[in-house]
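Secondary and tertiary structure notes
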Amino acid sequence: GKGPVFDKWISKLMMLSTKSCTLVKPDVKNGDSLDIRPYCKVKVIPGGNLNDSAFLSGIVFHKNVSHKSMAREILNPRIMLLSGGIEYTRTENRIASLNTLLEQETKYLQIHVTKITKLKPDILIVGKSVSRKAQELLLQTNI
C-alpha cells in the first residue's frame, strides 16, 4: 500500500460509498437511471480531516446570510423557496419624480415582503436577486 494514512482514507471512502449505494434508491420503473452517480455528490471542503468526512442524506448547500446580523443557525427552520427575485422594475420611457419612484418601489417591496411574512418562513432562499431595500424589510421581520 501507500501507507497507513492512505489506507484509512480508502477505508473511510469505501464506507461512505457503500452507505450511498445502500440508501440511494433510484426509481428505475419511472425513468430514473440505475446509475446513482447523478443523485450523489462528493463535496470536498478544504481544511477538513478524515473524521470530518460524513454521509449526509438530503439536500446540502453552502450559502452565506445576506446581512451580518441575520441568524447563522436555526434549528428546525421553516424554509421558503422563491424561484424569482424580490426587486422593483422601473418602467422605461416614463417621466416621474425620483420621490415618486422611491415611494412606488418601497410600497411594492413592502407588499411582497408582507406576503412572504404571512407564510412565516425562518429562511428564504431566492433564485434571483433581492434588492437592498427588500433585504432590509426582511431583516426587520427576522427572516
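None of these values were measured; they are calculated from a predicted model. Within every chain, residues take consecutive numbers counted from 1 along the sequence as written. Totals for whole chains, interfaces and linings use every residue, but because this is a predicted model, local features are given only for residues with pLDDT of at least 70 and side-chain atom pairs only at 80 or more, for both listing and counting. The side-chain values count all of the structure's non-hydrogen atoms but skip hydrogen atoms and water molecules.

1. Regarding the overall build of the protein chain
Counting from the N terminus, the helices are DSSP H or I runs at least four residues long and the strands are E runs at least two residues long. Across its full length, the protein chain holds 3 helices and 2 strands. Along the protein chain, helices and strands appear, N-terminal first, in the series α-β-α-β-α. The C-alpha radius of gyration computed for the protein chain amounts to 23 Å, which surpasses the reference 15 Å derived for 143 residues by more than 25%, pointing to a less compact arrangement than a globule. Considering only C-alpha atoms, the protein chain reaches an extent of 75 × 40 × 30 Å along its principal axes. The criterion used for residue contact is that any of the two residues' heavy atoms lie within 4.5 Å. Within the protein chain, residue pairs in contact and separated by at least 24 positions form 67% of the contacts whose partners lie at least 6 positions apart. For the purpose of charge, His is not counted, nor are the chain termini; Lys and Arg are scored as positive and Asp and Glu as negative. In plain terms, the charge of a residue is placed at NZ if it is Lys, CZ if Arg, CG if Asp and CD if Glu. Taken together, the 22 basic and 12 acidic charged side chains of the protein chain have centroids lying 2 Å from each other. All radius of gyration figures rest on C-alpha atoms, and the globule criterion is 2.2 Å times the number of residues raised to 0.38.

2. Some points on the pattern of salt bridges
Basic side-chain nitrogens of Lys or Arg form a salt bridge, by our definition, when they fall within 4 Å of a carboxyl oxygen of Asp or Glu. Scanning the model with the defined rule gives 1 salt bridge in all. Of the charged contacts in the structure, one is a salt bridge between Asp35 and Arg37, with a shortest N-O distance of 2.7 Å.

3. Observations regarding the side chain of Gln135
Looking at the element boundaries, Gln135 is found in helix α3 (residues 132-140). Exposure classes here rest on a 1.4 Å probe applied to the protein chains alone. A residue is buried below 20% of its type maximum, exposed above 50%, and partly exposed in between. Judged by relative accessible area, which is 17%, Gln135 ranks as buried. The residues touching Gln135, leaving out its near neighbours within four places in the chain, are Ser66, Met70 and Val130.

4. Some details on unusual backbone geometry
Phi is mostly negative for residues that are not glycine, and the peptide bonds are mostly trans. Despite not being glycine, Asn76 shows a phi value in the positive range, around 50 degrees. Mapping Asn76 onto the fold places it in the loop between α1 (4-23) and β1 (79-82). The exposure class assigned to Asn76 is exposed, which follows from its relative accessible area of 75%. Despite not being glycine, Asn142 shows a phi value in the positive range, around 65 degrees. In this structure, Asn142 sits in the segment after α3.

5. Here we look at the side chain of Ser20
As for its placement among the helices and strands, Ser20 is situated in helix α1. Setting aside residues up to four positions removed in sequence, Ser20 forms contacts with Ile36, Cys40 and Phe55.

6. A look at helix α2 (residues 98-118)
The terminal C-alpha atoms of α2 lie 30 Å apart, and with 21 residues this matches the ideal 30 Å at 1.5 Å per residue to within 8%. Where α2 is concerned, the buried positions are Glu105, Leu109, Val113 and Ile116. Viewed end-on, α2 has its buried residues packed into an arc of 60 degrees, placing them on one side of the element. Exposed side of α2, more than 90 degrees from the buried face: Asn99, Glu103, Lys107, Lys115 and Lys118 are the residues found there. On the buried face of α2, the contacting elements are β1, β2 (123-126) and α3. Positioned one or two residues after α2, Lys120 has a phi angle of 55 degrees, which is positive. One less than the residue count of a helix, multiplied by 1.5 Å, gives the span that helix is expected to have. This arc is built from the directions going out from the helix axis to the C-beta atoms.

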